[in-house]
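Working through the structure, step by step
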Amino acid sequence: MLENYYRELVCFLNAKLGNRQVAEDVVHDAYVRVLERSSDTPIEQPRAFLYRTALNLVIDDHRRNALRQAESLEVLDSEERYFTPSPHSTLDHGQRLDMLQRALAELAPLCRDSFLLRKIEGMSHPEIAERLGISKALVEKHIVNAMRHCRQRIKQWDAH
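Keep in mind that this is a model prediction, so the values were computed, not measured. (Residues numbered from 1 in each chain as written. Predicted model: local features only at pLDDT ≥ 70, side-chain atom pairs only at ≥ 80, totals over all residues. Heavy atoms only, no water.)

Side note on the overall build of the protein
Selection rule: For helices the rule is a DSSP run of H or I covering at least 4 residues; for strands it is a run of E covering at least 2, with both sets numbered from the N terminus onward. Three exposure classes are used, based on accessible area relative to the maximum for each residue type with a 1.4 Å probe and protein chains only: buried under 20%, partly exposed in between, and exposed over 50%. We call two residues in contact whenever any of their non-hydrogen atoms come within 4.5 Å of each other. Where accessible areas are quoted, they stem from the Shrake-Rupley method and a 1.4 Å probe; at the residue level, only the protein chains shown are allowed to cover.
What the protein contains, in helices and strands, is eight helices and zero strands. Each helix and strand of the protein, ordered N terminal to C terminal, gives the series α-α-α-α-α-α-α-α. Burial statistics for the protein: of 160 residues in total, 31% are counted as buried. Summarising the internal contacts of the protein: among those between residues at least 6 apart in sequence, 62% fall at separations of at least 24. Accessible surface, the protein as shown: approximately 10,500 Å² in total, 54% of it carbon and sulfur.

Here you go:
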């Protein structure tokens, strides 16, 4: 049901942000947020919820960038030690990466390739469509399906 709003939301954010690539990234992140939410309560108005989530992500990113530009380099350098992963978190990150690779391996080749070309190679939807010889709409559907599948599999594996 949420997939129906994908293209509409990308167009809306593209008009606001003036950058289709950024708009697509925000929409992907919004879909992940909505699909990963922990509440079991059904969303009353999915379209409005998705728009609000996407706009919140844009606002958060804008605030972060504004704050970053105001900070001195010394502050950023001193922060680095907080982001250096501990051996424990590196192991957890490695395990998560392994889970993600296993989940991706379960996908159909076109679905997996669409997702990887977007998220790893940073290609646009039209570029992916041209490379894989499929429609842009199918690329969008594959990316959303790949995100959903990976989220569900990792949730299942985390539960065990």
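Examining the pattern of salt bridges
Basically, it comes down to this: By salt bridge we mean one thing: a side-chain nitrogen of Lys or Arg within 4 Å of a carboxyl oxygen of Asp or Glu.
In total, this model carries six salt bridges according to the counting rule given. Its salt-bridge partner being E24, residue R20 comes within 3.3 Å of it at the nearest N-O pair. A residue pair is termed a helical-turn pair when its members lie 3 or 4 positions apart in one helix, as R20 and E24 do in helix α2 (residues 20–36) at four residues. Residue class for R20 comes out partly exposed when judged on its relative accessible area of 24%. Residues E24 and R118 are paired through a salt bridge, measuring 3.6 Å at the closest nitrogen-oxygen approach. Residue E24 is found in helix α2, and its partner R118 is found in helix α6 (residues 109–119); the two are separated by 94 residues along the sequence. E24 gets classed as buried once you look at its relative accessible area, which sits at 2%. Here the salt bridges do not stand alone but share partners, grouping R20, E24, D25 and R118 into one network.

Brief notes about the confidence of the model for the protein
In low-pLDDT segments, the atomic positions of the prediction should not be examined closely. Quick note on the threshold: Known as pLDDT, the predictor's confidence for each residue is given on a scale from 0 to 100.
For the protein, per-residue confidence averages 76 on the pLDDT scale, and residues scoring 70 or more make up 77% of the total. Helix α4 (residues 73–83) is the least confidently modelled element of the protein, averaging 42 in pLDDT, while helix α7 (residues 125–132) averages 92, the highest of any element. Contacts of residues 71–91 to residues separated by more than four positions or lying in other chains number five contacts, the stretch itself having pLDDT below 50.

Some thoughts on the state of the cysteines
Applicable threshold: By disulfide we mean two sulfur atoms from cysteines, separated by a distance within 2.5 Å.
The final tally for this structure, using the stated rule, is zero disulfides. Take C111: it sits in no disulfide, and the sulfur closest to it among the cysteines is that of C150, at 8.2 Å. Residue class for C111 comes out buried when judged on its relative accessible area of 6%. Looking at C150, the relative accessible area reads 5%, which means it is buried.

Considering the nonpolar core
Nonpolar side chains in soluble globular proteins generally cluster together in the buried interior. Threshold: Only buried Ala, Val, Leu, Ile, Met, Phe, Trp, Tyr and Cys residues count toward a nonpolar core, and they belong to the same one when joined by side-chain atoms within 4.5 Å. Each domain's extent is set by a domain assignment, obtained either automatically or from a database.
Among the nonpolar cores identified, the biggest contains 35 residues, and L9, L13, V27, Y31 and L50 are the most heavily contacted of them. Elements represented by at least two residues in this core include exactly α1 (6–17), α2, α3 (46–70), α5 (87–105), α6, α7 and α8 (136–159). Looking at which domains feed residues into this core, each of domain 1 (1–68) and domain 2 (107–159) gives three or more.

Examining the side chain of R151
Along the chain, the position of R151 falls in helix α8. Non-local contacts of R151, meaning those with residues more than four positions away in its chain, are made with L35 and E36.

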